[in-house]
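Examining the three-dimensional arrangement
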Amino acid sequence: MERTYVMIKPDGVQRNLIGQIVSRFEQKGFKLVAGKLVTLSKETAETHYGEHREKPFFNELVTFITSGPVFAMVWEGEQVVKISRHLIGATNPAEATPGSIRGDYAIQVGMNVIHGSDSTESADREIGIFFSEEELSTYEKNTNVWV
Ligand code: RTP
Ligand code: MG
């Protein structure tokens, strides 16, 4: 089953958006495979955003993403990479559709609340940066048993 890496950025954590964002992924029907609150080192941030190393906003991006804890997650489901990008919305919140996470919660491109992998290859790479194999849970959901 396909997996993606999703990360609530420091602005989203500070603004108490973890619960609402997790809820959107749960309600969509995806399965949470891993999640943790973690503060990124400069090295981890530079590795994660390595593709942007030459961009003018790179230093600003690394400074921002290391400025406080992020909530790192792995979500699983059919077409989860593509569908998560739709849930998240356009990179620039000014262009993000209302109803998307960035469209509803963000204003600035530099503080756009959430990250989601842009391809299955990126997802595999990013999951490997943030989680060990033991941290990824494999389980079935059977709601009838619990209530
Ligand atoms: P992300 O990787 O964080 O999920 O965002 P994305 O795929 O939608 O966008 P990407 O092109 O990968 O850019 C990574 C992050 O860099 C910041 N950015 N700033 N100042 C700028 O023009 C600019 N452009 C991009 C954004 O915070 C973006 O999420
Ligand atoms: Mg990206």
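Parameters and conventions
Residues numbered from 1 in each chain as written. Chains lettered and ligands numbered in written order. Predicted model: local features only at pLDDT ≥ 70, side-chain atom pairs only at ≥ 80, totals over all residues. UniProt positions renumbered as here; feature names shortened; annotations may be inferred. Helix = DSSP H or I, 4+ residues; strand = E, 2+ residues; numbered from the N terminus. Rg over C-alpha atoms; globule rule 2.2 N^0.38 Å. Pairing = 2+ DSSP bridges. Axes fitted to C-alpha atoms, helices over the stretch in contact; angles between N-to-C directions. Contact = placed C-beta atoms within 7 Å. Buried ≥ 20, exposed ≤ 12 C-beta atoms within 10 Å, placed from the backbone. Core = buried A, V, L, I, M, F, W, Y, C linked by C-beta atoms within 7 Å.

- The protein is annotated in an unreviewed UniProt entry as Nucleoside diphosphate kinase from Shouchella miscanthi.
- What the UniProt record of the protein gives under Subcellular location (unreviewed entry) is the line "Cytoplasm".

Comments concerning the overall build of the protein
- Within the protein one finds 7 helices and 4 strands.
- Along the protein, helices (α) and strands (β) appear in the sequence β-α-α-β-α-α-β-α-α-β-α when read from the amino end.
- Taken over C-alpha atoms, the radius of gyration comes to 15 Å for the protein, in line with the 15 Å a tight globule of 147 residues would show.
- Along the three orthogonal principal directions, the C-alpha set of the protein runs to about 50 × 35 × 25 Å.

Quick notes on the sheet that holds strand S3 (residues 70-76)
- Strand order in the open sheet formed by 4 strands is S2-S3-S1-S4, and the pairing between neighbours is antiparallel. Of all strands in the sheet, those with a lone pairing partner are strand S2 (31-38) and strand S4 (114-116), marking the two edges. Sheet twist, expressed as the mean angle between neighbouring strand axes with direction ignored, is 15°.
- Pairing geometry for S2 and S3, over 7 bridges, is antiparallel. Across the sheet, the residue bridging to Lys-31 is Glu-76, located in S3.
- Against the sheet, helix H5 (residues 80-88) engages strand S1 (3-8), S3 and S4, with an angle of about 25° to S1.

A closer look at the UniProt feature "domain: Nucleoside diphosphate kinase-like" (unreviewed entry) in the protein
- Following the UniProt record, the feature "domain: Nucleoside diphosphate kinase-like" (unreviewed entry) maps to residues 1-138 here.
- Counted over residues 1-138, helix gives 41% and strand 17%. Its end C-alpha atoms are 11 Å apart.

What about unusual backbone geometry?
- Not every positive phi belongs to a glycine, and Asn-16 is a case in point at roughly 60°.
- Here Asn-16 lies in the loop between helix H1 (10-14) and helix H2 (18-28).
- Since 8 C-beta atoms lie within 10 Å of it, Asn-16 is described here as exposed.
- Despite not being glycine, Gln-79 has its phi angle at roughly 50°, a positive value.

Notes on the environment of Gly-19
- Residue placement: Gly-19 occurs in helix H2.
- Residues Gly-19 and Pro-98, spaced 79 residues apart in sequence, show a C-alpha to C-alpha distance of 19 Å.

Remarks on the UniProt feature "binding site: ATP" (unreviewed entry) in the protein
- Feature annotation in UniProt assigns "binding site: ATP" (unreviewed entry) to the following positions: Lys-9, Phe-57, Arg-85, Thr-91, Arg-102 and Asn-112.
- Topologically, Lys-9 is positioned in the loop between S1 and H1.
- By the secondary structure assignment, Phe-57 is in the loop between helix H3 (42-48) and helix H4 (58-65).
- In this structure Phe-57 comes out as exposed when scored by C-beta crowding, with 12 C-beta atoms within 10 Å.

What to know about the nonpolar core
- If you look at the biggest cluster of nonpolar residues, it comprises 29 residues, and the most contacted ones within it are Met-7, Ile-8, Val-70, Met-73, Trp-75 and Ile-114.
- Every element with two or more residues in this core is listed here: S1, H2, H4, S3, H5 and helix H7 (120-130).
- The element contributing the most residues to this core is S3, with 6 residues.
- Beyond its immediate chain neighbours, meaning those up to four positions away, Ile-114 contacts Val-6, Met-7, Ile-8, Lys-9, Gly-12, Ile-21, Ile-88, Ile-101 and Arg-102.

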